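Secondary and tertiary structure notes
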Amino acid sequence: MSGKNGSFDLQAYLTKGVEQVVADVVRATLANPRESAYIAKFAMASRAASKKRRALEDAGEHVPSYLIASITSQCNLHCAGCYSRCNHATVDAAPVRQLTDEEWLRIFREAEELGVSFILLAGGEPMLRRGVIEAAGNMPNILFPIFTNGTFLDDRFLALFDRCRNLVPIMSIEGEREATDARRGSGVYDRLIANMDEFRRRGIIFGASVTVTTRNLREVSSEAFLKQLSDRGCKAVIFVEFVPVTEDSRELAPGDAERESLQGEIDRLRREHPEMVYVSFPGDEKSSGGCVAAGRGFFHINSHGGAEPCPFSPYSDINVRDTSLREAMNSRLFRDLREGGYLLEDHVGGCILNEKREQVEQILRSAGAAGSRIGEPVSERRTRA
């Protein structure tokens, strides 16, 4: 997709992607009047947000369509190979100095003013922050997918999701019972299935997030597995490539052959099964001109306010506690990553910046970024960012 000078127009590409996602969701929710009514209203808000982003782009300022917000670093599960625990970004105890409910609400409002259409709520386990999720529910012009392990669903959350249709629970599942419980813990699969059945009974839209590895790729892209999700009312499946953060887990990361196979399956599923939305992350980086982290298509705010290129790249030189969201998305680190070609290089696994973390740290050193705390554990950098 070309811009004025024949260069790739990322804003147009992202806007088209948002429009496609919204159209897919509208189609997938036609049998659910309440859900489709909300999505129709959201489609109008999304078009208005796209116009805001386009106006800023024409004025020389790029605003991404998506924001990832890790609203807590606490989690009750110990999933095998979890990148966040390996980076010491997720812990068992209640975190200290995390952003308050009010601070997150301010961030959400600033995002809306800039034209951000989607804010992905993550963690840790985001449903431990009920107040933040309730605040998000009062912002119908933004769609909030909530990436949850599904173990904290209760009647209050069910009532909230029923009332606020912009909150969409996305439950993590690794395939069938054996694969899911092997990674997430005994009994988790049965809990997820029970949640799905309850969502379906109440007419609440939900989705599934699948971490794709070399071991489960065939199973999670199979007709049998996806039909089971569809039959239970699932309307979106998000395939997330496994990111190896330790050498002994590198063999689990999909290579080029596995990526091509998965993308081929997703293309087929989109054609043959429009009753669900299929999203791949990082997905088609080549068609988007490279990785879309560091503010190209999205960026990440950790639970303590540090603005990071991506959840898989936990480095920050600016904190939204001390500045605006607008300034954070144009931080020195983000600009250097976008303008230095780091996001366009070939790589193995789901995150180029995780693979090139030594180069990212070098950028911070050369910039003398006080907030980066290079040389300290990531957990300390997060706490003191």
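Above this text you will find the structure in question.
Residues numbered from 1 in each chain as written. Predicted model: local features only at pLDDT ≥ 70, side-chain atom pairs only at ≥ 80, totals over all residues. Heavy atoms only, no water.

Digging into the packing of aromatic side chains
Throughout the structure, instances matching the rule amount to ten aromatic pairs. Between the aromatic rings of Phe-161 and Phe-199, the centroid separation amounts to 6.4 Å while the plane-to-plane angle is 50°, which identifies the pairing as tilted. Highlighted residues: Phe-161 in helix H6 (residues 155-163) and Phe-199 in helix H8 (residues 188-202), separated in sequence by 38 residues. Accessibility assignment for this pair places Phe-161 and Phe-199 in one class, buried. Each ring, one from Phe-299 and one from Phe-334, has its centre 5.6 Å from the other, and the planes form 65°; the classification is edge-to-face. One end of the pair, Phe-299, is in the loop between strand E7 (277-281) and strand E8 (300-301); the other, Phe-334, is in helix H13 (residues 332-339), and 35 residues separate them in sequence. For the pair shown, Phe-299 and Phe-334 are each scored as buried. Positioned above the aromatic ring of Phe-157 is the side chain of Arg-130, whose terminal nitrogen or guanidinium carbon lies 4.2 Å from the ring centre. (Phe/Tyr/Trp six-rings, centres within 6.5 Å; stacked < 30°, edge-to-face > 60°. Helix = DSSP H or I, 4+ residues; strand = E, 2+ residues; numbered from the N terminus. Buried < 20%, exposed > 50% of the residue type's maximum accessible area, 1.4 Å probe, protein only. Lys NZ or Arg CZ within 6 Å of the ring centre and 35° of its normal.)

Quick look at the pairing of strand E6 (residues 234-241)
Most of E6 sits out of view: seven of its eight residues are buried. As defined by bridge partners, strand E5 (residues 206-212) adjoins E6 across seven bridges and the pair is classed as parallel. Of the residues in E6, the one forming a bridge with Thr-211 is Val-240. For E6 and E7, the ladder comprises five bridges, and the chain directions are parallel. In the sheet register, Phe-239 faces E7, and the bridge partner there is Ser-280. A crossover links E6 with its parallel partner E7, the connecting element being helix H11 (residues 256-272), and its sense is right-handed. (Pairing = 2+ DSSP bridges. Right-handed = clockwise from strand over helix to strand, strands pointing away.)

Observations regarding the nonpolar core
Counting 104 residues, the largest nonpolar core has Ile-119, Leu-121, Ile-133, Phe-161 and Phe-239 as its most contacted members. Once you skip the residues sitting within four places of it in the chain, Phe-161 turns out to touch Met-127, Ile-133, Ile-146, Leu-153, Leu-167, Pro-169, Phe-199 and Ile-204. (Core = buried A, V, L, I, M, F, W, Y, C linked by side-chain atoms within 4.5 Å. Contact = heavy atoms within 4.5 Å.)

As for the side chain of Ser-221
Mapped onto the elements, Ser-221 comes out in the loop between helix H9 (217-220) and helix H10 (223-231). At 2.8 Å, the side chain of Ser-221 and the backbone oxygen of Leu-217 are in polar contact. When residues no more than four places from it in sequence are discounted, the contact partners of Ser-221 are Leu-226, Glu-265 and Arg-268. (Polar contact = N/O pair within 3.5 Å; in protein donor to acceptor, adjacent residues only side chain to side chain.)

Some remarks on the pairing of strand E1 (residues 66-70)
Burial analysis of E1 places four of its five residues in the buried class, the great majority of the element. Strand direction decides the pairing type here: E1 and E8, joined by two bridges, are parallel. From the neighbouring strand, Ala-69 faces E8, where its bridge partner is Ile-301.

Re the packing of helix H2 (residues 33-58) against helix H4 (residues 101-114)
Closest axis-to-axis distance for the H2/H4 pair is 7 Å, and the angle between their directions is 70°. Put simply, H2 runs roughly perpendicular to H4. Note on element contacts: H4 touches H2 through Glu-112, Glu-113 and Leu-114, opposite Lys-52, Arg-53 and Leu-56. Here the contact of H2 with H4 is composed, by residue class, of two nonpolar, no polar and four charged. (Axes fitted to C-alpha atoms, helices over the stretch in contact; angles between N-to-C directions. Parallel < 35°, antiparallel > 145°, perpendicular 65-115°, else oblique. Nonpolar A, V, L, I, M, F, W, Y, C, P; charged D, E, K, R; others polar.)

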